[in-house]
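# A look at the structure
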Amino acid sequence: MNKKTFSYQLLSSAFGTVGVVWNQDQTGTSPMIVRIFLPREGFRSGEQVGECYPGASSGSHPLIDPVMDQLGRYLSGEAVEFSLGRLDLNRCGAFQQKVLRADFQIPRGKVAPYSGLACR
């Protein structure tokens, strides 16, 4: 069984601090984002990341850095097109993944009723 290690980066924004956590196993597979901590009162450092992911280390990765850049630009109000390619959706069930992928297809600034999403 491969042991996964967790790393994280913090991003300051006008909304507060955002934390992005990714994992990489010992085989050297590409890192996958497992969680994004959204800004909220009290989240200002990696302490909460460490509570959820003991042993997680602060750092960067050349495949995560572009995602951090996109996230920063998005939180600054820029229209950014994201990819799901770096997200580890394995914690979600098959139905959840299907809903998330359908939701991802809704264009920025548009809304879709739940009934329309359910039909897809």
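Notes on the structure in this doc start here. The shown structure was predicted, so the numbers you read here are calculated from the model rather than taken from an experiment.

Glancing now at the packing of aromatic side chains. Applying the stated criterion across every chain, the model contains 2 aromatic pairs. On the numbers, 4.9 Å between centres and 50° between planes, the contact of Phe 6 with Tyr 53 is tilted. Of the two residues, Phe 6 sits in strand β1 (residues 4–13) while Tyr 53 sits in the loop between α1 (47–52) and β4 (57–58), which places them 47 residues apart along the sequence. Taking the centre distance of 5.4 Å and the plane angle of 70° together, the rings of Tyr 74 and Phe 82 count as edge-to-face.

Relative to the assigned elements, Gly 19 resides in strand β2 (residues 16–25). Classification of Gly 19 as buried rests on a relative accessible area of 0%. The spacing of Gly 19 and Glu 47 is 28 residues in sequence and 11 Å in space, taken between C-alpha atoms. The residues touching Gly 19, leaving out its near neighbours within four places in the chain, are Gln 9, Leu 10, Arg 35, Ile 36, Phe 37 and Phe 43.

Rules behind the numbers
- Residues numbered from 1 in each chain as written.
- Predicted model: local features only at pLDDT ≥ 70, side-chain atom pairs only at ≥ 80, totals over all residues.
- Heavy atoms only, no water.
- Phe/Tyr/Trp six-rings, centres within 6.5 Å; stacked < 30°, edge-to-face > 60°.
- Helix = DSSP H or I, 4+ residues; strand = E, 2+ residues; numbered from the N terminus.
- Buried < 20%, exposed > 50% of the residue type's maximum accessible area, 1.4 Å probe, protein only.
- Contact = heavy atoms within 4.5 Å.

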